[in-house]
Amino acid sequence: GAGVSQSPSNKVTEKGKDVELRCDPISGHTALYWYRQSLGQGLEFLIYFQGNSAPDKSGLPSDRFSAERTGGSVSTLTIQRTQQEDSAVYLCASSLISGGLAGRGAGELFFGEGSRLTVL
Amino acid sequence: SQKIEQNSEALNIQEGKTATLTCNYTNYSPAYLQWYRQDPGRGPVFLLLIRENEKEKRKERLKVTFDTTLKQSLFHITASQPADSATYLCATIDGGFKTIFGAGTRLFVKA
C-alpha cells in the first residue's frame, strides 16, 4: 500500500512476555519514528531513525525497549518482559525529510494506524 | 530541551463558529511548527506547517499563526462543522532531528 503499515493492530499478552511490533514505512522515506500513546494522552517520543545515522534512542523508557531498522526500511520495536504499564498504542511514522526545511512538506510525518498493546 | 504545551481541557463550540486552539513552546524558537489532526483509534494526520519566518498560513478553513515573541502558535478553524470534532496536536522539532508533540486539545463541535 501507499501508507505506513503497522502490525499487529492489536496485541494482548501476559506480563513478562516479549512482544515485537512491526512498522513498514512509505517507500523512499528516510526517517522513521516510534511513539507511544497512552489512553487520552499525547504522543511520547521513543526512537528515531534517519538514513544510515545512529538512531536517536533518547525516548526509550527502559532497557526493556529496543528497536531496529533493517535495510533502511522495515522497523521492529521489541519490548522484553512486558509490564502492565507498557499497555498503550504504539505509533510508527515515516518522513521523507526530517529536521530540516529542504522544501515543501519538510518534516511532515505520515503515521500508521498504530499497534494497540494490552499487557494483562 | 523543547517542550510543547497545549490546553488539555476540551474545547466545545457551536457549529459555524470559529475554533481557536493554542500551542506554546517553552524553549528556543523552532524552525517550524506543525499541526495534526487525530481521530479516535487512528493515527495523526498532518494538516499544516508554519515556518519561523511566516506569521500566518492558511489552508481552506484552517489558519495557523506563529508568534515568536509569545512563543505561541494559534490554530483556527472557521465555520466549524461537527466533522471537525477531533483531537488537534501541535508538533515541532527538538534538537534538529526528532519531532515532539504536545498532548493535544480535543475539539467538540455541536450541531
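Let us look at the structure shown here. (Residues numbered from 1 in each chain as written. Chains lettered and ligands numbered in written order. Predicted model: local features only at pLDDT ≥ 70, side-chain atom pairs only at ≥ 80, totals over all residues. Heavy atoms only, no water.)

## Quick notes on the packing of aromatic side chains
On inspection of all chains with the given rule, the structure shows twelve aromatic pairs over all chains. Between A:Tyr35 and A:Phe45, the ring centres sit 6.1 Å apart and the planes meet at 75°, which makes this aromatic pair edge-to-face. One end of the pair, A:Tyr35, is in strand β4 (residues 31–37); the other, A:Phe45, is in strand β5 (residues 44–50), with ten residues separating them in the sequence. Taking relative accessible area as the criterion, A:Phe45 reaches 9% and is therefore assigned buried. A ring pair is formed by B:Tyr25 and B:Phe66, whose centres lie 6.0 Å apart and whose planes are at 80°; its orientation type is edge-to-face. (Phe/Tyr/Trp six-rings, centres within 6.5 Å; stacked < 30°, edge-to-face > 60°. Helix = DSSP H or I, 4+ residues; strand = E, 2+ residues; numbered from the N terminus. Buried < 20%, exposed > 50% of the residue type's maximum accessible area, 1.4 Å probe, protein only.)

## Focus: the side chain of A:Ser75
All names here are of chain A. Structurally, Ser75 can be placed in strand β7 (residues 75–79). A residue is classified by how much of its surface remains accessible, and Ser75, at 0% relative accessible area, is buried. The residues touching Ser75, leaving out its near neighbours within four places in the chain, are Leu21, Arg22, Cys23, Leu32, Trp34, Phe49, Glu68 and Arg69. (Contact = heavy atoms within 4.5 Å.)

## Points about the state of the cysteines
Residue and element names in this part refer to chain B. For the structure shown, the criterion picks out two disulfides over all chains. Each sulfur of the disulfide joining Cys23 and Cys90 lies 2.0 Å from the other. Its S-S torsion of approximately -65° makes the covalent link between Cys23 and Cys90 left-handed. Here the residue Cys23 occupies a position in strand β3 (residues 19–25), and Cys90 occupies one in strand β9 (residues 86–94), the gap between them amounting to 67 residues. Across the pair, exposure class does not vary: Cys23 and Cys90 are buried alike. (Disulfide = S-S within 2.5 Å.)

## What about the interface of chain A and chain B?
Contacts between the two partners involve 24 residues from chain A, matched on the other side by 21 residues from chain B. Interface area for chain A against chain B, summed over the two sides, is near 1,800 Å², with a carbon-plus-sulfur share of 53%. Joining chain A to chain B, the criterion identifies one salt bridge. The salt bridge involving A:Glu113 is made with B:Arg42; its shortest N-O contact spans 2.6 Å. The interface formed by chain A and chain B holds seven residue pairs in polar contact (both at pLDDT 80 or more) in total. When contributions to the side of chain A that touches chain B are tallied by element, the ones reaching two or more residues are β4 and β5 of chain A. Top contributing element to the side of chain A that touches chain B by residue count: β4(A), with three residues. The residue makeup of the side of chain A that touches chain B, split by class, is ten nonpolar, ten polar and four charged. (Buried area = accessible area lost by both parts, 1.4 Å probe. Salt bridge = Lys/Arg side-chain N within 4 Å of Asp/Glu carboxyl O. Polar contact = N/O pair within 3.5 Å; in protein donor to acceptor, adjacent residues only side chain to side chain. Nonpolar A, V, L, I, M, F, W, Y, C, P; charged D, E, K, R; others polar.)

## What about unusual backbone geometry?
Look at the link from A:Ser7 to A:Pro8: it is a cis peptide, with omega at -10°. One can find A:Pro8 in the loop between β1 (5–7) and β2 (10–13). Here A:Arg81, not a glycine, exhibits a phi torsion of approximately 50°, which is positive. Here A:Arg81 lies in the loop between β7 and β8 (88–95). For A:Arg81, a relative accessible area of 41% corresponds to the partly exposed category. Of note, B:Ala79 is a non-glycine position whose phi angle comes to about 45°, a positive value.

## Section: the side chain of A:Glu108
Among the structural elements, A:Glu108 can be located in the loop between β8 and β9 (110–111). As a buried residue without a salt bridge, A:Glu108 has its nearest oppositely charged side chain in B:Lys59, at a separation of 7.6 Å. Filtering out sequence-adjacent residues up to four positions away, A:Glu108 remains in contact with A:Ser94, A:Ser95, B:Gln34, B:Tyr36 and B:Phe46. (Lys, Arg positive; Asp, Glu negative; His and termini not counted.)

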